[in-house]
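Breakdown of the fold
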Amino acid sequence: MAEIIPKGERKFLVRVFLKRVNGRTRYHSKVVHGTKKDAEKYARTAEVKRDLGELDKPANEDPTFGKFLDGWMKEFKKGTVRERTFEGYVYTLKQYVRPYLGDDRLSELTARRLQGVYNELSESGLSPRTVAFAHSLIREALNQAVVDDLLPANPALSTRRPPRIKKAIDVFTPEEAGRFIKAAKKDRLGIVFWFALATGMRPEEYLALQWNHIDLGKLELNVRQTIYFPKGGSWKLEEVKTASSLRTVEFENRLARALSEHKVNQAAQRLRLGKKYHNNNLVFATPKGAPLQYRNLTLRHLVPIIEAAKIDGPRNLYRLRHSFVTLSLLCGIDPKAVSRAAGHSSVAFTLDTYQHVLPSVRKDAAEKIGYILFGGRAV
């Protein structure tokens, strides 16, 4: 009969007799977090496994989850995904998985155990999206454990994650967009924000844009790459991740003239600095030609511009992209064209994500239809 010893609030030590070796009794011991019934259930399961010879298998047959993750990441992830994606995996596992499950044996990972961790992460204030991402890594790793015959089934498949809650997207109104552009003209990097608001490109896309990707005569540019800043202060240019992100974006004459002037000024700066200038052919760069960093661009330039324009709400680069999509829909531009310009995966995604502007779009459409049907001026 297994022993169940209280060890604190909702914590029990389960001891299951294994056998006697050289006059000494060996036990399988496990601390169970939960109710006494949870501990009793674990004890019964452990006794069944003991009788089948599956309890306390050699370490290589029942490694800790942390050790298994080490091998899984090395053999199945490193080199098969982008460097920035791999770093994201490492960070998520380090922060939200290993501290909770790293010391558990694979055989100890039950659906209830995993669910308890997901609940704890949610209660700590972690976003549903982050919990879902941690779960996806756990699920994929345990799928491999099943393939390797280390587990009979994947316990992660029987868990529930907190539902994702869509956050309201805060964007500029047409009036705020006008004030923003006016204030941006007074900033040294104002052209960056004008460009971002006028094209709707992602920050990692326009900060990776090179002059050979822009045709000022045709008023169009090709989105082909993104910029990435690995740890250590370096930077890299990578191909865009999805087919929908690979696209041609059109812009208008006034922006083209501003870009042309910006190009002339950049060339003059390059001549002044000579060899001190790092010519990376970037459209938007520091005075010495290096890529612009997100944090500096935001804190030293975007925030002061938004404050000068007296605009409330979030102060981040993606607000310009969201504003582009919203303002485009409000202007009556075909959602398909807006979706393509933004590099979205589908029109449905665009409309679903920015559905808060649809009432205004529908009202405008109703007025236009009324004008066509009944003539006169819409009121």
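Residues numbered from 1 in each chain as written. Predicted model: local features only at pLDDT ≥ 70, side-chain atom pairs only at ≥ 80, totals over all residues. Heavy atoms only, no water.

1. A word on the nonpolar core
For clarity, the threshold we go by: Within this scheme, the nonpolar core is defined by two criteria: the residues are buried Ala, Val, Leu, Ile, Met, Phe, Trp, Tyr or Cys, and they are joined through side-chain atoms within 4.5 Å. Note on exposure labels: buried denotes an accessible area under 20% of the residue type's maximum, exposed denotes more than 50%, and partly exposed covers the range between, all computed with a 1.4 Å probe on protein chains only. The helix count covers DSSP runs of H or I at least four residues long, the strand count covers runs of E at least two residues long, and both are numbered beginning at the N terminus. Note on contacts: a residue pair qualifies if any of its non-hydrogen atoms lie within 4.5 Å across the two residues.
Counting residues in hydrophobic clusters, the biggest one holds 44 residues, and the most contacted among them are Phe-180, Phe-193, Phe-195, Tyr-206, Leu-221 and Phe-284. Those elements giving two or more residues to this core turn out to be α7 (174–184), α8 (190–199), β5 (220–223), α10 (253–273), α11 (294–308) and α12 (318–330). Here the element with the most residues in this core is α8; it accounts for 6 residues. If sequence neighbours within four positions are ignored, Phe-193 has contacts with Phe-180, Leu-297, His-301, Leu-302, Ile-305, Leu-317 and Leu-320.

2. A short note on the pattern of salt bridges
The criterion, for reference: When a carboxyl oxygen of Asp or Glu lies within 4 Å of a side-chain nitrogen of Lys or Arg, that pair is called a salt bridge.
One pass over the structure, following the stated rule, counts 16 salt bridges. In this structure, Lys-30 engages Glu-108 in a salt bridge whose closest nitrogen and oxygen atoms are separated by 3.2 Å. Here Glu-108 lies in the loop between α4 (98–101) and α5 (111–123) and Lys-30 lies in strand β3 (residues 24–33), a separation of 78 residues in the sequence. For the residue pair Lys-30 and Glu-108, the accessibility class agrees, reading buried in each case.

3. As for helix α1 (residues 36–51)
Residue pairs three or four apart in sequence face the same way in an α-helix, which turns once every 3.6 residues. Selection criterion: How far a helix is expected to stretch is found by multiplying one less than its residue total by 1.5 Å.
Here α1 spans 23 Å end to end across 16 residues, near enough to the 22 Å set by a 1.5 Å rise per residue. Those residues of α1 lying buried are Asp-38, Ala-39, Tyr-42, Ala-43, Ala-46 and Glu-47. Its buried side turned inward, α1 meets β1 (3–8), β2 (11–21), β3 and α5. Positive backbone phi, approximately 80°, marks Gly-53, located one or two places after α1.

4. Side note on the packing of α8 against α10
Inclusion rule: Axis lines are fitted through C-alpha atoms, for helices just across the contact stretch, and the angle between N-to-C directions can take any value from 0 to 180 degrees. In these notes the angle categories are as follows: under 35 degrees is roughly parallel, over 145 is roughly antiparallel, 65 to 115 is roughly perpendicular, and the rest is oblique. Left-handed is the label given to a crossing in which the near helix is rotated counterclockwise from the far helix by less than a right angle, and right-handed is the label when the rotation is clockwise. Gly falls in the polar group here, along with every residue not listed as nonpolar (Ala, Val, Leu, Ile, Met, Phe, Trp, Tyr, Cys, Pro) or charged (Asp, Glu, Lys, Arg).
Across the interface, α8 lies against α10 with an axial gap of 11 Å and an inter-helix angle of 150°. Here α8 is positioned roughly antiparallel relative to α10, judged by the angle of their axes. As for how α8 packs across α10, the hand of that crossing is left-handed. Between α8 and α10, the contacting residues are Ile-191, Trp-194, Phe-195, Ala-198 and Thr-199 on the first element and Arg-254, Leu-255, Ala-258, Leu-259 and His-262 on the second. Class assignment for the residues of the contact of α8 with α10 results in 7 nonpolar, 2 polar and 1 charged.

5. Observations concerning the packing of aromatic side chains
Heads up, the condition is: Pairing of aromatic rings covers Phe, Tyr and the six-membered ring of Trp, with a centre-to-centre limit of 6.5 Å; geometry is then stacked below 30 degrees between planes, edge-to-face above 60, and tilted otherwise. By definition here, charges over rings are those cases where NZ of Lys or CZ of Arg is within 6 Å of the ring centre and within 35 degrees of the ring normal.
In this structure the tally under the stated criterion is 8 aromatic pairs. Consider the rings of Phe-180 and Phe-193, whose centres lie 6.4 Å apart with planes at 80°: the pair is edge-to-face. Taken as a pair, Phe-180 in helix α7 and Phe-193 in helix α8 lie far apart in primary sequence, 13 residues in all. Each member of the pair, Phe-180 as well as Phe-193, is classed as buried. Taking 5.6 Å as the distance between ring centres and 80° as the angle between the ring planes, the aromatic pair formed by Phe-229 and Tyr-294 counts as edge-to-face. One end of the pair, Phe-229, is in the loop between β6 (225–228) and β7 (236–239); the other, Tyr-294, is in helix α11, with 65 residues separating them in the sequence. One aromatic cluster is present, formed by Phe-172, Phe-180 and Phe-193 through successive ring pairs. Here Arg-15 stacks its cationic end above the ring of Tyr-27, 4.1 Å away from the centre of that ring. Here the basic side chain of Lys-185 rests over the ring of Trp-194, its NZ or CZ set 5.8 Å away from the ring centre.

Keep in mind that these numbers describe shape and distance, not what the molecule does.
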